[in-house]
Amino acid sequence: MTWTILAMMGVGFLLQLGTSEPVGQAGLSPVTGMFSMYGLAVVLDGQWYRMITSAFLHGGVMHLLFNGYAMFLLGQQLERWLGHGRFLTLWVVGALAGSVVSLLFAPGQPSVGASGAIFALFGAVFVIGRRLRLDMRMILVLLGLNLVITFLVPNIAWTAHIGGLVAGLAVGAIFAYLPARTGRAGGSTLVHALAVALFVVLLAVLAVLAPAVWSMVLTA
C-alpha cells in the first residue's frame, strides 16, 4: 500500500502539472480547484470527496518530495507492523481527520497535500513503537521539528497536521492496545474495525456540526 499511495500521489501531481495554464504550475490547474480541500459551503454541499482527494494533490515539487519521503520512511515500517488493511485504514483516517479539523478551524483556506495522513503515520509509529518498547526519541525529534515548521512557516495548513496527528495517536492506540487479549480468531480485527468506525463517526459528526460552530463564532 505504501508504494501504491506514493504512485497515486505522483500521478495526482502530474495531472496538476499537465492540466495547468501555463503547464507546470500545479496551483493553477483546474484539477487543483476541483479536488482540493476548500470551504464549508463547497464540501457540505455534496463535494465530500475533497476531504480525501486533496491528499493526492500537492502545491509544488518540494511539497510532494517532503511528503513522499516521509511516506517512504514511515509507511514501510508501519505497513510491516500493521498489515496492508490496517495501514490503509490509518492513512485514510488521518487524511480525513486533517480535513475535518480544517473545516472546523480554517474553512476558508484552500489546502492540498498528504500532510494530514503523514502526521497520522508519525502519531501511530510513536504509539506502536512505545507499545513494542522501542526507542522513539528520534521519532519525537522529527515530530517536534515538523510541528515547529508547521507553525513557523507561512501558508502551511496547520489544521491538517494537527488533525492527522490526533487521528494517528488515536488509531495507533486502537491497533496497539485493543484488545489486550482475544480468545478467538478474528477477535482483534473485529474490535479494531468497530473502534475505528466509532472514531470515523465522531469525525463525521464534527464535520456536520462545523457550520453550527462557525455560526456561533460569527455571532459571538
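As shown above, the structure is provided for reference.
What you see is a predicted model; the values in this text were computed from it and never measured.

Further remarks concern the overall build of the chain. Counting its regular elements, the chain contains 10 helices and zero strands. Tracing the chain from N to C terminus, the helices and strands come up as α-α-α-α-α-α-α-α-α-α. Relative to the 2.2 N^0.38 estimate, which gives 17 Å for 220 residues, the radius of gyration of the chain is 18 Å and therefore close to what a compact globule would have. Seen along its three principal axes, the alpha-carbon backbone of the chain occupies a region of about 55 × 40 × 30 Å. A burial count over the chain gives 44% of its 220 residues as buried. Considering only residue pairs separated by 6 or more positions, the chain has 70% of its internal contacts joining residues 24 or more positions apart. Element-wise, carbon and sulfur atoms account for 72% of the exposed surface of the chain, whose accessible area totals about 11300 Å².

With that settled, consider the packing of aromatic side chains. Summed over all chains, the structure comprises six aromatic pairs. Feature note: the residues F105, F151 and W158 constitute an aromatic cluster, connected by ring pairs.

Counting 52 residues, the largest nonpolar core has M71, L78, L90, W91 and L121 as the members making the most contacts within it. Of all the elements in the fold, those that place two or more residues in this core are α1 (2–19), α5 (61–82), α6 (84–105), α7 (115–131), α8 (137–152), α9 (158–177) and α10 (187–219). Ranked by residue count, the leading element in this core is α7, at 11 residues. Excluding residues within four positions of it along the chain, L121 makes contact with M71, L74, G75, L78, F87, L90 and W91.

What follows is about the layout of surface pockets. Taken as a whole, the largest pocket holds about 300 Å³ of empty space. Residue lining of the largest pocket: 23 residues in total, with S111, V112, G113, A157 and A160 positioned closest to the centre. Every element with two or more residues in the lining of the largest pocket is listed here: α6, α7 and α9. Top element by residues in the lining of the largest pocket is α6. It accounts for four residues. In this structure, the second largest pocket occupies an estimated 190 Å³ of space. What lines the second largest pocket is F66, Y69, A70, L73, L74, F122, L142, L145, N146 and I149. For the lining of the second largest pocket, the secondary-structure elements that each account for two or more residues are α5 and α8. Per element, the largest residue contribution to the lining of the second largest pocket is five residues, and it comes from α5. When its residues are assigned to classes, the lining of the second largest pocket shows nine nonpolar, one polar and no charged.

Attention shifts here to the packing of α7 against α8. Viewed as axis vectors pointing N to C, α7 and α8 meet at an angle of 150°, and their least axial separation amounts to 10 Å. Judged on the interaxial angle alone, α8 and α7 are roughly antiparallel. Considering how the two elements wind past one another, α7 and α8 form a crossing that is left-handed. In contact with F119, F122, V125 and F126 of α7, α8 contributes I139, L140, L142, L143, N146, L147 and T150. Residue composition of the contact of α7 with α8, by class: nine nonpolar, two polar and no charged.

On to α8. Look at α8: 22 Å from first C-alpha to last across 16 residues, which is about the 22 Å you get at 1.5 Å a residue. Inspection of α8 places I139, L143, N146 and T150 among the buried residues, and these make up the whole buried set. Along the axis of α8, the buried residues cluster in a sector spanning 65°; they form a single face. Turned more than 90 degrees from where α8 packs its buried face, R137, M138, F151 and L152 sit exposed.

Among the surface-exposed residues, M138, V141, L142 and L145 lie close enough to one another that they form a single nonpolar patch of about 370 Å² accessible area. Take L142: its relative accessible area is 34%, and that puts it in the partly exposed class.

On to the packing of α1 against α5, then. Where α1 contacts α5, the two axes come as close as 9 Å, and the packing angle between them is 170°. Accordingly, the angle class assigned to the pair α1 and α5 is roughly antiparallel. Residues T2, W3, I5, L6, M9 and F13 of α1 touch α5, and the partners they reach there are V61, L64, N67, G68, M71, F72, G75, Q76 and E79. For the contact of α1 with α5, the class distribution of residues is nine nonpolar, five polar and one charged.

Rules of the game
- For every chain, the first residue of its written sequence is number 1, and the numbers climb from 1 along that sequence.
- The predicted nature of this model means local features are confined to residues of pLDDT at least 70 and side-chain atom pairs, given and counted, to a pLDDT of 80 or more, with totals for whole chains, interfaces and linings taken over all residues.
- The side-chain quantities take in all heavy atoms of the structure and omit both hydrogens and water.
- The helix count covers DSSP runs of H or I at least four residues long, the strand count covers runs of E at least two residues long, and both are numbered beginning at the N terminus.
- With C-alpha atoms as the basis for the radius of gyration, the globule rule is written as 2.2 Å multiplied by the number of residues raised to the power 0.38.
- Burial here depends on accessible area, computed with a 1.4 Å probe over protein chains only, as a share of the maximum for the residue type. Under 20% is buried, over 50% is exposed, and the range in between is partly exposed.
- The contact criterion used throughout is that any non-hydrogen atoms of two residues lie within 4.5 Å.
- Surface accessibility in these figures is a Shrake-Rupley result with a 1.4 Å probe; residues are shielded only by whichever protein chains are displayed.
- Stacked, tilted and edge-to-face are the three classes assigned to paired rings of Phe, Tyr and Trp, where Trp is represented by its six-membered ring and a pair needs centres within 6.5 Å; plane angles under 30 degrees give stacked, over 60 edge-to-face, the rest tilted.
- Residues belong to one nonpolar core when they are buried, are Ala, Val, Leu, Ile, Met, Phe, Trp, Tyr or Cys, and are joined through side-chain atoms within 4.5 Å.
- Every definition here rests on a 1 Å grid over the protein atoms only: cavities are sets of points where a 1.4 Å probe fits but cannot get out, pockets are open sets enclosed by protein on both sides within 12 Å along at least five of seven lines, and lining residues have some atom within 4 Å of a point.
- Grid points are joined across faces, edges and corners, and a volume is the space filled by probe spheres set on the points.
- When residues are grouped by polarity, Ala, Val, Leu, Ile, Met, Phe, Trp, Tyr, Cys and Pro land in nonpolar, Asp, Glu, Lys and Arg in charged, and all others, Gly among them, in polar.
- Each axis is a line fitted through C-alpha atoms, and for a helix only the stretch in contact is used; angles between axes span 0 to 180 degrees, taken between their N-to-C directions.
- Angles below 35 degrees are treated as roughly parallel, those above 145 as roughly antiparallel, those between 65 and 115 as roughly perpendicular, and all remaining angles as oblique.
- Crossings are assigned a handedness: left-handed for a near helix turned anticlockwise from the far helix by less than a right angle, right-handed for a clockwise turn.
- A helix is expected to span 1.5 Å multiplied by its residue count minus one.
- Each direction from the helix axis to a C-beta atom contributes to the arc, which is the arc of those directions.
- Only residues whose relative accessible area exceeds 30% and that form no salt bridge are eligible for patches; like-charged ones are grouped when within 9 Å, while nonpolar side chains (Val, Leu, Ile, Met, Phe, Trp, Tyr) are grouped when within 5 Å.
- Salt bridges, as used here, are contacts in which a Lys or Arg side-chain nitrogen is within 4 Å of a carboxyl oxygen on Asp or Glu.

From the geometry alone we can't say anything about function, so treat these as descriptive.
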